[in-house]
Amino acid sequence: MKTPKFLLPVATAGVLALTLSACGGGGGTTSSGGGDAAQGLDGRGPITYVQGKDNSNVIRPLIEKWNAAHPNEKVTFKEQTDNADQQHDDLVQHFQAKDANYDVASVDVVWTAEFAAKGWLQPLKDKMALDTSAMLKPTVEAASYKGTLYAVPESSDGGILYYRKDLVPTAPKTWAEMMSMCSIATANNMGCYAGQFKKYEGLTVNASEAINSAGGAVLDKDGKPSLNTPEAKAGLENLTKAYAGGQIPKEGITFQEEESRQAFQDGKLLFLRNWPYVYNLATTEGSSKVKDVLGMAALPGLTGPGSSSLGGHSAAVSVYSKNKATALDFLKFLTTEETQKFFATQGSLAPVLGKLYDDKDLVAKLPYLPVLKTSIENAVPRPVTPFYPAVTKAIQENAYSAIKGEKTAETALSDMQKSIESASAGQ
Ligand code: GLC
């Protein structure tokens, strides 16, 4: 087997983040600052902001506020679907077409390397420089590629275990403990656990968390895929066994974030793995059955808390934008303390400004902030590579087959390993 040449380790805040990085990119202008990146730097005027579905209802009010203050530089919101893979493909199509109307795009942390290597994102340096010193380190790293900042962290994300405080006195710390509590779910005629198990990015997140939380790793400390291990097998088997045994309800295989949130809010689940945005909707939506009984804890692990996949989004300026001066101001607006507080209080999104996690007023309103900060600081990045689409496909497809019982966990992991190796070979 040819060993991929470009797998390099990179250290991040407190954890060893493992990085796949390519020697060559997709061929576009990268950090050189020439070509399209040299155009439109002083341009001011209307721009478009592109983002996935605004589940938390924070973007429209924010843009209204911006527009009221900037009548000649109005922002139009282009809302994509709520599926991360579709958002990715939409951005790729518009960047490939050099669309000047996708001025600012919300970029999932796992797409930075690919988009930057292809030369689609404006390097945020020189005239376009931004101060990120007050931001959580993992969020800045996730917005950078090969040492250059390509986007500004907008909201972070860490996995949370939501549970029913009325039925479970103390949150389980380990997966085994959680499974042992499934009898409570049965007694209450509800499903026990769900995350996001549909075949899309969310499954890559959940499968990686299962593997990492059981002591395994998708990549080893040298950045090489390391899925043929007893720990990775035990982690994936936690999901396959729970699905076969009914602890994960059958419909769980169709769940993205929103379907799983809905099931939990409808009282159909005892435990839910999801992102922080759920807190706001679950405690404010009229139909929510969990309003007063919502517990939040760290994801369960092997002998104590498990590890989340690092999630989140950064805002990037397209190299094809003609109004980059306006776009840069809009990026700054997205990251002011006021905006970040608004995202947190209105949408329970995870702030990127470190100090907000210790802000007494904010913690009084959002008591889960310390749990969230720990989740983010200890989160494991998904592989960082310009070839991420092939890597996530390898994880999603094999994890999906294993959960459905079409492959053993061992075969699925060995196939995952081979596909990730071949996605990175020959570079
Ligand atoms: C959330 C996370 C993002 C992740 C996606 C998967 O939006 O912030 O990083 O890729 O969920 O569905």
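This structure is a prediction, so every number in the text was calculated from the model and none was measured.

A closer look at the overall build of the protein chain
Moving on, step 1. Regarding its fold elements, the protein chain presents 16 helices and 13 strands.
Moving on, step 2. Dimensions along the principal axes, computed over C-alpha positions, put the protein chain at roughly 65 × 55 × 35 Å.
Moving on, step 3. Looking at the protein chain as a whole, 59% of its 427 residues qualify as buried.
Moving on, step 4. Put simply, of all contacts in the protein chain between residues at least 6 apart along the chain, 73% involve residues at least 24 apart.
Moving on, step 5. Total accessible area on the protein chain is roughly 16,500 Å²; 51% of this is exposed by carbon and sulfur atoms.
Moving on, step 6. In the protein chain, 42 side chains carry a positive charge and 46 a negative one; their mean positions are 2 Å apart.

Things to note about the sheet that holds strand 11 (residues 269-274)
Sheet strands line up and pair through hydrogen bonds in the backbone, either parallel or antiparallel.
Moving on, step 1. Taken in spatial order, the four strands line up as 10-11-9-12 in an open sheet, and their pairing is mixed. Only two strands of the sheet have a single neighbouring strand rather than two, namely strand 10 (191-194) and strand 12 (294-297). Between one strand and the next, the sheet's axes are offset by a mean angle of 15°, whatever the strand orientation.
Moving on, step 2. Examined bridge by bridge, strand 10 and strand 11 share three bridges and lie parallel to one another.

Comments concerning the environment of Ala-37
Moving on, step 1. The topology assignment puts Ala-37 in the loop between strand 2 (16-20) and strand 3 (47-51).
Moving on, step 2. Ala-37 sits in the buried class, given a relative accessible area of 3%.
Moving on, step 3. Note: C-alpha distance between Ala-37 and Tyr-163 (126 residues apart in sequence) is 47 Å.

Some remarks on the state of the cysteines
Moving on, step 1. Summed over the entire model, instances satisfying the criterion amount to one disulfide.
Moving on, step 2. Across the disulfide from Cys-182 sits Cys-192; the S-S distance is 2.1 Å. Here Cys-182 and Cys-192 share a disulfide; its torsion about the S-S bond, -80°, makes the bridge left-handed. With Cys-182 in helix 6 (residues 182-187) and Cys-192 in strand 10, this pair connects stretches of sequence that are ten residues apart.

Observations regarding the site of the ligand
Moving on, step 1. In the region of the ligand, the neighbouring residues are Asp-108, Val-109, Asp-157, Tyr-200, Glu-201, Gly-202, Glu-257, Trp-275, Gly-311, Gly-312, His-313 and Arg-382.
Moving on, step 2. Separating an oxygen atom of the ligand from a side-chain N or O atom of Glu-257 is a distance of 2.7 Å.
Moving on, step 3. The contact in question runs from an oxygen atom of the ligand to an N or O atom on the backbone of Gly-312, over 2.8 Å.
Moving on, step 4. Relative to its free-state accessible area of 310 Å², the ligand is covered by the protein chains to the extent of 91%.
Moving on, step 5. Counting residues per element, the ones that place at least two in the shell around the ligand are helix 7 (201-213) and strand 13 (311-317).
Moving on, step 6. Of the residues assigned to the shell around the ligand, the class counts are three nonpolar, four polar and five charged.
Moving on, step 7. Summarising the domain contributions, the shell around the ligand has at least three residues from each of domain 1 (35-157 + 309-377) and domain 2 (159-308 + 385-424).

Things to note about the side chain of Gln-87
Moving on, step 1. Its place among the elements puts Gln-87 in helix 2 (residues 84-96).
Moving on, step 2. Taking relative accessible area as the criterion, Gln-87 reaches 9% and is therefore assigned buried.
Moving on, step 3. Among all residues touching Gln-87, those that are not within four sequence positions of it are Gly-52, Lys-53, Gln-80, Thr-81, Asp-82 and Trp-111.

Section: the domain arrangement of the protein chain
Moving on, step 1. For the protein chain, the domain assignment lists domain 1 (35-157 + 309-377) and domain 2 (159-308 + 385-424).
Moving on, step 2. Computed over C-alpha atoms, the centres of domain 1 and domain 2 are 27 Å apart.
Moving on, step 3. Listed per partner, the contact involves 28 residues of domain 1 and 26 residues of domain 2.
Moving on, step 4. Between domain 1 and domain 2 lies a buried interface of about 2,100 Å² when both sides are counted; carbon and sulfur atoms form 57% of it.
Moving on, step 5. Applying the counting rule to domain 1 against domain 2 returns zero salt bridges.
Moving on, step 6. At the surface where domain 1 touches domain 2, the tally comes to eleven residue pairs in polar contact (both at pLDDT 80 or more).
Moving on, step 7. When contributions to the side of domain 1 that touches domain 2 are tallied by element, the ones reaching two or more residues are helix 2, helix 3 (112-117), helix 12 (337-347) and helix 14 (369-377).
Moving on, step 8. Of the residues contributing to the side of domain 1 that touches domain 2, the split by class is 13 nonpolar, ten polar and five charged.

Points about the pattern of salt bridges
Moving on, step 1. For the structure on display, the rule yields 23 salt bridges.
Moving on, step 2. A salt bridge links Lys-241 to Glu-237; the nearest nitrogen and oxygen atoms lie 3.9 Å apart. Taken as a pair, Lys-241 and Glu-237 lie in helix 8 (residues 230-245) at a separation of four residues, close to a single helical turn.
Moving on, step 3. We classify Lys-241 as exposed; its relative accessible area is 57%.
Moving on, step 4. One salt-bridge network, in which partners are shared between bridges, spans Glu-337, Lys-341, Lys-355 and Asp-359.

Quick word on helix 7
Moving on, step 1. Between its first and last C-alpha atoms helix 7 spans 18 Å; for 13 residues at 1.5 Å apiece the expected length is 18 Å, and the two agree.
Moving on, step 2. With 13 of 13 residues buried, helix 7 is to be regarded as a mostly interior element.

Reading guide: rules and limits
Residues numbered from 1 in each chain as written. Predicted model: local features only at pLDDT ≥ 70, side-chain atom pairs only at ≥ 80, totals over all residues. Heavy atoms only, no water. Helix = DSSP H or I, 4+ residues; strand = E, 2+ residues; numbered from the N terminus. Buried < 20%, exposed > 50% of the residue type's maximum accessible area, 1.4 Å probe, protein only. Contact = heavy atoms within 4.5 Å. Areas by Shrake-Rupley, 256 points an atom, 1.4 Å probe, with all protein chains shown as cover. Lys, Arg positive; Asp, Glu negative; His and termini not counted. Charge placed at Lys NZ, Arg CZ, Asp CG, Glu CD. Pairing = 2+ DSSP bridges. Axes fitted to C-alpha atoms, helices over the stretch in contact; angles between N-to-C directions. Disulfide = S-S within 2.5 Å. Near = heavy atom within 4 Å. Polar contact = N/O pair within 3.5 Å; in protein donor to acceptor, adjacent residues only side chain to side chain. Nonpolar A, V, L, I, M, F, W, Y, C, P; charged D, E, K, R; others polar. Domains from an automatic or database assignment. Buried area = accessible area lost by both parts, 1.4 Å probe. Salt bridge = Lys/Arg side-chain N within 4 Å of Asp/Glu carboxyl O. Expected span 1.5 Å × (residues − 1).

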